[in-house]
Amino acid sequence: MAIYSLYILSKSGGLIYQYDHTSIKVEVEKTFSYPLDIQLTEQNKRIVVAYGQKDGINVGHNLLAVNGTQLNGTSLEDGQEVMAFLANESNYPVSLKFGRPKLSTNEKIFLASMFYPLYAIASQLSPELKSSGIEVLEADTFKLHCFQTLTGIKFLIVAEPKQMNVEHLLRRVYELYADFALKNPFYSLEMPIRCEQFESNLQLLLEQQEKSGVNTV
């Protein structure tokens, strides 16, 4: 069982804390002949698979290395542009390593801000008044669990689908937030949380819950 990440959103929807607990490394290396049977494109200074997923290489994966050499953005070690290198038939066969992209800080802030309107839409779609909004979003590879406090702070945990008692865990995280962030005289509401005691106790809590998967924390 695994807990992947934790997000804390302010009542206005801004990301005030994020912690990656467990990351799954997804990398696939394959030798290609000319021409490439997958389509690559340049996005945000990265080389990304745009079409033609196969053999574990999926749309959205980043090109990480060429012939065992890590990329520097969209360039090879010698400064040559990757797209120009791959367009040259004389460079084949070529070994390409692809992997799942790691979210940047800006991307995490953007994704967190997108949850706020989704939560509001879910509340409005409810046939009953005073809906709690989104509590669980389930996909084939993960579940997103949400707990909203009375003051509008949202705690989100992304976990493996089989991870147990995440609802209890969310409330324990809220208790840590109340004990170590809200009671910190230097912390201001709606601002990013920077508290070593909160983070160290959070890490310990997540490790205990991940190992047990039961309500013992």
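Residues numbered from 1 in each chain as written. Predicted model: local features only at pLDDT ≥ 70, side-chain atom pairs only at ≥ 80, totals over all residues. Heavy atoms only, no water.

Per an unreviewed UniProt entry, the chain is named Trafficking protein particle complex subunit, and its organism is Daphnia pulex. Word for word, the UniProt comment on the chain under Sequence similarities (unreviewed entry) is "Belongs to the TRAPP small subunits family. TRAPPC4 subfamily." (UniProt positions renumbered as here; feature names shortened; annotations may be inferred.)

Engineer: How should I be thinking about the overall build of the chain in this particular structure?
Structural biologist: Of the regular secondary structure elements, the chain holds 4 helices and 11 strands. Compactness check: the chain gives a C-alpha radius of gyration of 21 Å against a globular reference of 17 Å for 217 residues, more than 25% above the reference. In terms of its C-alpha atoms, the chain occupies a principal-axis envelope of roughly 65 × 45 × 35 Å. Put simply, 57% of the contacts in the chain that link residues at least 6 apart link residues at least 24 apart. Each charge class in the chain can be summarised by its mean position, and for the 19 positive and 24 negative side chains these summaries are 6 Å apart. (Helix = DSSP H or I, 4+ residues; strand = E, 2+ residues; numbered from the N terminus. Rg over C-alpha atoms; globule rule 2.2 N^0.38 Å. Contact = heavy atoms within 4.5 Å. Lys, Arg positive; Asp, Glu negative; His and termini not counted. Charge placed at Lys NZ, Arg CZ, Asp CG, Glu CD.)

Engineer: Before we go on, may I ask you to explain the pattern of salt bridges in this structure?
Structural biologist: Opposite charge on two side chains allows them to pair when their charged atoms are near. Taken as a whole and judged by the stated rule, the model has 7 salt bridges. A salt bridge links Lys97 to Glu27; its shortest N-O distance comes to 3.8 Å. Of this pair, Lys97 sits in strand β8 (residues 94-99) while Glu27 sits in strand β3 (residues 27-32), and the two are 70 residues apart along the sequence. In this structure, Arg46 and Glu107 form a salt bridge, with 3.9 Å as the shortest nitrogen-oxygen distance. A residue pair is termed long-range when its members are at least 10 positions apart, and Arg46 in strand β5 (residues 46-51) and Glu107 in helix α2 (residues 105-125) qualify at 61 residues. (Salt bridge = Lys/Arg side-chain N within 4 Å of Asp/Glu carboxyl O.)

Engineer: I would appreciate a short explanation of the domain arrangement of the chain in the present structure.
Structural biologist: Interface size is commonly expressed as the accessible surface area that is lost when the partners come together. Along its sequence, the chain is carved into domain 1 (3-23 + 104-215) and domain 2 (27-99). Measuring from the centre of the C-alpha atoms in domain 1 to the corresponding centre in domain 2 gives 35 Å. (Domains from an automatic or database assignment.)

Engineer: Even after reading the chapter, I still don't get the nonpolar core, so can you show me in this structure?
Structural biologist: Nonpolar side chains tend toward joint burial in soluble globular proteins. Formed by 25 residues in total, the largest nonpolar core has its most connected members in Ile193, Phe198 and Leu202. Looking at this core, the elements that each hand over two or more residues are β1 (3-9), β2 (15-20), β11 (154-159), α3 (166-182) and α4 (196-212). When residues in this core are grouped by element, the largest group, 7 residues, is from α3. When residues no more than four places from it in sequence are discounted, the contact partners of Ile193 are Ile8, Ile16, Tyr17, Tyr177, Ala181, Tyr187 and Phe198. Formed by 18 residues, the second largest nonpolar core is a distinct cluster that contains Val66, Phe85, Leu96 and Phe98. (Core = buried A, V, L, I, M, F, W, Y, C linked by side-chain atoms within 4.5 Å. Buried < 20%, exposed > 50% of the residue type's maximum accessible area, 1.4 Å probe, protein only.)

Engineer: Would you take a moment to explain the sheet that holds strand β9 (residues 136-138) for this structure?
Structural biologist: Backbone hydrogen bonds hold the strands of a sheet together, and the pairing may be parallel or antiparallel. Here we have 5 strands laid out as an open sheet, ordered β2-β1-β11-β10-β9, and antiparallel in their pairing. Of all the strands in the sheet, the pair left with one neighbour each is β2 and β9. The sheet shows a mean angle of 10 degrees between the axes of neighbouring strands, direction not considered. As paired elements, β1 and β11 share 6 bridges and run antiparallel to each other. Each residue of the ladder has a partner; that of Ile8, found in β11, is Phe155. Relative to β2, α2 is tilted by about 115 degrees, and along the sheet it contacts β1, β2, β9, β10 (143-148) and β11. (Pairing = 2+ DSSP bridges. Axes fitted to C-alpha atoms, helices over the stretch in contact; angles between N-to-C directions.)

Engineer: Even after reading the chapter, I still don't get unusual backbone geometry, so can you show me in this structure?
Structural biologist: Backbone geometry follows two general trends: most residues other than glycine have a negative phi, and most peptide bonds adopt the trans configuration. In this model, Tyr34 is joined to Pro35 through a cis peptide bond whose omega is -5 degrees. Examined against the element boundaries, Pro35 turns out to sit in the loop between β3 and β4 (39-43). Backbone geometry at Asp55 places phi at a positive 50 degrees, although glycine is not the residue there. Residue Asp55 is classed as exposed on the basis of its relative accessible area of 52%.

Engineer: Explanation requested: the pairing of β2 in the structure shown.
Structural biologist: Working note: regular strand, side chains alternate between the two faces of the sheet. Most of β2 sits inside the fold, with 5 of its 6 residues counted as buried. The pairing of β1 with β2 spans 5 bridges and is classified as antiparallel. Across the sheet, the residue bridging to Ile8 is Tyr17, located in β2. Where β1 hands over to β2, the hairpin turn is made up of 5 residues, of which Gly13 adopts a positive phi near 100 degrees.

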